[in-house]
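Remarks on the overall topology
Below, each chain spelled out in residue letters.
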Amino acid sequence: MTAHLLEVTDLHTHFETRAGTVKSVDGVSFYLERGEILGLVGESGSGKSITGFSLIGLIDKPGRIKKGSIKLEGRELVGLSDSDLRKLRGREISMVFQDPMMTLNPVLTVLDQMTLALRAHETISDKDARIRCVEALRRVRIVDPEHKVDFYPHQFSGGMRQRVAIAIALLHNPKVVIADEPTTALDVSVQAEILTEVKALVAELGISMIWISHDLATVASISQRIAVMKSGKIIETGPAAEVLKAPSHPYTQGLLDALPSRSKPGQMLGKVSDEELAALSDTAPVIVEDPDFVTVKGAVKRFERKPDLWGKLGQKIGLIKPKKPIIAVSDVNISIARGEALGLVGESGSGKSTLGRMVCGIYQPTEGEIRLAGQPVMSESGNKLTTKVQMIFQDPFASLDPRRTVGQSIAEGPIAHGLTTSAQARDYVAHWLKAVSLDPAFADRFPHQFSGGQRQRIAIARALAMKPEVIVCDEPVASLDVSIQAQILNLLLRLRKELNLTLLFISHDLSVVRHLCDRIIVMHHGKIVEEGMAEDIFEAPQKPYTKMLLNAIPKLA
């Protein structure tokens, strides 16, 4: 029996493809002690998630563990049959996935799903199963678990769904829990709650955990030790404080340098090329003028919940009351100066994305008016009146047509609005691809042929091709690795100076907003609760809600 609870030695997990062998995990070795949380850090494609899947035996063909050893309390897991692995999963070693909806079945209640998980490893009555499930939900701090256990997944918020997924993973008190990016899609406040609960549960139950993430600050706040992965290999490992304070590998140092919290606001992040530095130094400083360039006055947005046929009938005969409309934005007044970068922050459901879409002319306000340089953005009939406001969406893959080349997507708007002709479109597209540091030859490729960071650059090029004066950025770096995030933030800093753009930057990541924006507005339940200069908001927040958001930001050790 080994001294360590889990010991991984020279693990190789390969995928055979037409293009050859992909070595996703290439000689990984590490150990996990009892009661320890190990942070496994790396960017997308580094092999960290495949390492987690390898440990629990969830590698699908054409993938396979080529060689290596995985020992849990001295028992070799590599080479176990499918039936033996099924007996092991959930009872000895379990996993929490990034998206809780991957774990939860939308057509079964939480009780049904947890009971299935219990009966996979033991014989239990319905009554005892309910008691166990209620207790498991109470353990992860779900309010009123006796009632909530009968809910369906869609009746929970994102944070609550993730708590349910953690409760299912802990049902059998496993020795090891693998958490694969479990807080990536959550608000900073919900993430802080989950991190606190996880640390408490690890201490209370004595379980061990591998926390997989690309977010160094999150890993620093929860892990005792950190292992850094790159290209399928662990390149550095050690106590969290030592690795983050004095990294021995240049790659780890590069990840730290790319964090906005480690740089002064407005500075270029990470390694910056000589060309980028020259471009930035050659441009004139940002000119902030015309304080009422963009104005939002008394903006209200209500979403009416229209009943179906039976609902209409029920309302007509008085059996059903009409559903109240959802008020997403309530009496908002803001102004943005020409050349200013305004940050709009708040949790999911605060109304910030709805307000951004109203400023862009995608949503028509129910009440109030939105003007650009004194002119309305939308007509009373709901038509957009200007192309001077453009939007960059959170998910570039969803906003780009997969059946069109990126050149066609970038050129479509400018051709339709007379900014270029079909004959000149190729040169026009090449100009804007160069502006976002992409090869003009990429114009003939399709969106799926690019990485996430490249797709976001394409989305920015498409917005710039309309020659806007205002760009609404809706969580444009939320799903990106730290180094890719740094590249996009550097690009926005440079383009803002070169083109004197006005930015409305929407995000729940306050460190990003602080780095990029001059002024910050905090939204909560559709209303503005605080606004001020970025430094003032961070140094001396006035409202309890703002203080809560700032206190929830994960900090490096």
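Computed from a prediction, not measured in an experiment: that's the story for all the values here.

1. Examining the overall build of the protein chain
Per the secondary structure count, the protein chain includes 22 helices and 20 strands. Against the globule reference of 24 Å for 557 residues, the protein chain gives a C-alpha radius of gyration of 26 Å, in line with a compact fold. Counting every position in the protein chain, which comprises 557 residues, the buried fraction comes to 51%. Partitioning the intrachain contacts of the protein chain with sequence separation of at least 6 by distance along the chain shows that 70% fall at a separation of at least 24. Summed over its atoms, the accessible surface of the protein chain is roughly 25,900 Å², and 52% of this surface lies on carbon and sulfur atoms.

2. Looking at the sheet that holds strand S8 (residues 208-213)
Spatial ordering of the open sheet is given by S6-S7-S8-S3-S9-S10, a layout of six strands whose pairing is mixed. In this open sheet, the two strands that pair with only one neighbour each are strand S6 (93-96) and strand S10 (233-239). Going across the sheet, the axis of each strand differs from the next one's by a mean of 20 degrees, ignoring polarity. Two elements, S6 and strand S7 (residues 176-180), share four bridges in a ladder whose sense is parallel. The residue bridging Val96 from the neighbouring strand is Ala179, located in S7. Where helix H1 (residues 48-56) meets the sheet, its contacts fall on strand S3 (37-41), S6, S7, S8 and strand S9 (225-230), and the angle it forms with S6 comes to roughly 145 degrees. Strands in contact with helix H11 (residues 250-257) are S9 and S10; relative to S9, the strand with the most contacts, it is inclined by about 100 degrees.

3. A word on the sheet that holds strand S2 (residues 20-32)
The sheet built from four strands is open, its strands ordered S2-S1-S4-S5 with antiparallel pairing. In this open sheet, the two edge strands, each paired with only one partner strand, are S2 and strand S5 (75-76). Both strand S1 (residues 6-17) and strand S4 (residues 63-72) contribute to a ladder of eight bridges, which runs antiparallel. Pairing of Thr13 across the sheet is with Ile65, part of S4. Along the sheet, H1 contacts S1, S2 and S4; its crossing angle with S1, the most-contacted strand, is approximately 110 degrees.

4. With respect to the domain arrangement of the protein chain
Taken domain by domain, the protein chain holds domain 1 (6-258) and domain 2 (400-467). Computed from C-alpha coordinates alone, the two centres of domain 1 and domain 2 are separated by 39 Å.

5. Considerations on the pattern of salt bridges
All told, the structure shown has 28 salt bridges when counted by the stated rule. Close ionic contact of Glu36 with Arg225 constitutes a salt bridge, the shortest N to O distance being 2.6 Å. Taken together, the positions of Glu36 in the loop between S2 and S3 and Arg225 in strand S9 put the pair 189 residues apart, joining distant regions of the chain. Of the two residues, Glu36 and Arg225, neither departs from the other in class, the shared state being buried. With its nearest N and O atoms 2.4 Å apart, the salt bridge here joins Asp126 to Arg119. A relative accessible area of 57% means that Asp126 is categorised as exposed.

6. Some thoughts on the nonpolar core
Core analysis: the largest hydrophobic core is formed by 111 residues, its most contacted members being Met114, Trp211, Ile460 and Phe505. Residue contributions to this core reach at least three from each of two domains, namely domain 1 (6-258) and domain 2 (400-467). Discounting chain neighbours no more than four positions away, the residues touching Ile460 are Ile392, Val436, Ile488, Leu491, Leu492 and Leu495. Counting residues in hydrophobic clusters, the runner-up holds 29 residues, among them Leu5, Phe30, Leu77 and Met229.

7. Focus on the packing of helix H7 (residues 158-169) against helix H8 (residues 188-205)
Relative orientation and spacing of two packed helices are given, respectively, by the angle between their axes and the distance between those axes. It is the contact of H7 with H8, at a shortest axis distance of 10 Å, that shows an interaxial angle of 20 degrees. As far as their axial angle goes, H8 and H7 are roughly parallel. The chirality of how H7 crosses H8 is right-handed. Residues Gly159, Arg163 and Ile166 of H7 pack against Val190, Glu193, Ile194, Glu197, Val198 and Leu201 of H8.

8. Let's talk about a nonpolar patch on the surface
A surface patch of nonpolar side chains, about 600 Å² in accessible area, is lined by Trp310, Leu313, Ile317, Leu319 and Ile320. Note that Ile317 resides in the loop between helix H13 (309-316) and strand S12 (326-338).

9. A look at unusual backbone geometry
Cis geometry is adopted by the peptide bond preceding Pro62, which originates at Lys61 and carries an omega value of 10 degrees. Residue placement: Pro62 occurs in the loop between H1 and S4. Look at Ser437: it is not a glycine, yet its phi comes out positive at around 60 degrees. Looking at where Ser437 falls in the secondary structure, it is placed in the loop between helix H17 (425-435) and helix H18 (452-464). Residue classification places Ser437 among the partly exposed residues on the basis of a relative accessible area of 43%.

10. Overview of the pairing of strand S19 (residues 519-524)
Counting buried residues in S19 gives five out of six residues, a clear majority hidden from the surface. The sheet contact formed by strand S13 (residues 341-345) and S19 spans four bridges and is parallel. The residue of S19 that forms the bridge with Leu344 is Ile521. Where S19 and strand S20 (residues 527-533) come together, six bridges link them in antiparallel fashion. Bridge pairing links Arg519 to Met533 in S20.

11. Points about the packing of helix H16 (residues 406-416) against H17
Interaxial distance between H16 and H17 falls to 9 Å at its minimum, and their mutual angle equals 110 degrees. As the angle between them shows, H16 and H17 are arranged roughly perpendicular. Once H16 is placed against H17, the crossing between them reads as right-handed. Listed contacts from H17 to Gly407, Ile410, Ala411, Pro414 and Ile415 of H16 are Ala425, Tyr428, Val429 and Leu433. Looking at side-chain class alone, the contact of H16 with H17 contains eight nonpolar, one polar and no charged residues.

12. Observations regarding the packing of aromatic side chains
Evaluated as defined, the whole model comprises five aromatic pairs. Measuring from ring centre to ring centre gives 6.4 Å for Tyr428 and Trp432, while their planes differ by 70 degrees; the resulting arrangement is edge-to-face. Pair noted here: Tyr428 and Trp432 are both in helix H17, with a separation of four residues, about one helical turn. The exposure classification of Tyr428 matches that of Trp432, with both residues buried. Here Arg225 stacks its cationic end above the ring of Tyr31, 4.1 Å away from the centre of that ring. Between Lys301 and the ring centre of Phe303, over which it is positioned, the NZ or CZ distance is 5.3 Å.

Reading guide: rules and limits
- Every residue gets a number counted from 1 within its own chain, in the order that chain's sequence is written.
- Side-chain atom pairs in this predicted model are given and counted only at pLDDT of 80 or more, local residue features only at pLDDT of at least 70, and totals for whole chains, interfaces and linings cover all residues.
- The side-chain figures draw on all heavy atoms in the structure; neither hydrogens nor water molecules are used.
- Every helix listed is a DSSP run of H or I at least four residues long, and every strand listed is a run of E at least two residues long, numbered separately from the N terminus.
- The reference for a compact globule is 2.2 Å times residues^0.38; the radius of gyration itself is calculated from the C-alpha atoms.
- Only protein chains enter the accessibility calculation, which uses a 1.4 Å probe; a residue is then buried when its area is under 20% of its type maximum, exposed when over 50%, and partly exposed in between.
- A contact between two residues is defined here by any heavy atoms of the two lying within 4.5 Å.
- Where accessible areas are quoted, they stem from the Shrake-Rupley method and a 1.4 Å probe; at the residue level, only the protein chains shown are allowed to cover.
- Note: two strands are recorded as paired if DSSP finds a minimum of 2 bridges between them.
- Axes, fitted as lines to C-alpha atoms, cover a helix only where it is in contact. Angles between the N-to-C directions of the axes lie from 0 to 180 degrees.
- Throughout, the edges of the domains are those of an automatic or database domain assignment.
- Each reported salt bridge corresponds to a side-chain nitrogen of Lys or Arg within 4 Å of a carboxyl oxygen of Asp or Glu.
- We define the nonpolar core as a collection of buried residues of types Ala, Val, Leu, Ile, Met, Phe, Trp, Tyr and Cys that are connected through side-chain atoms lying within 4.5 Å of one another.
- Note on angle classes: values under 35 degrees are labelled roughly parallel, values over 145 roughly antiparallel, values of 65 to 115 roughly perpendicular, and the remainder oblique.
- In this scheme the handedness of a crossing depends on how the near helix is turned from the far one: anticlockwise by less than a right angle means left-handed, clockwise means right-handed.
- Within this analysis, patches are made of residues with over 30% relative accessible area and no salt bridge. Like charges are joined at 9 Å or less; nonpolar side chains (Val, Leu, Ile, Met, Phe, Trp, Tyr) at 5 Å or less.
- The residue classification treats Ala, Val, Leu, Ile, Met, Phe, Trp, Tyr, Cys and Pro as nonpolar and Asp, Glu, Lys and Arg as charged. All others, Gly included, are polar.
- Between rings of Phe, Tyr and Trp, where Trp is taken as its six-membered ring, a pair exists when centres lie within 6.5 Å; planes separated by under 30 degrees are stacked, by over 60 edge-to-face, and by other angles tilted.
- Whether a charge sits over a ring comes down to the Lys NZ or Arg CZ being within 6 Å of the ring centre and within 35 degrees of the ring normal.

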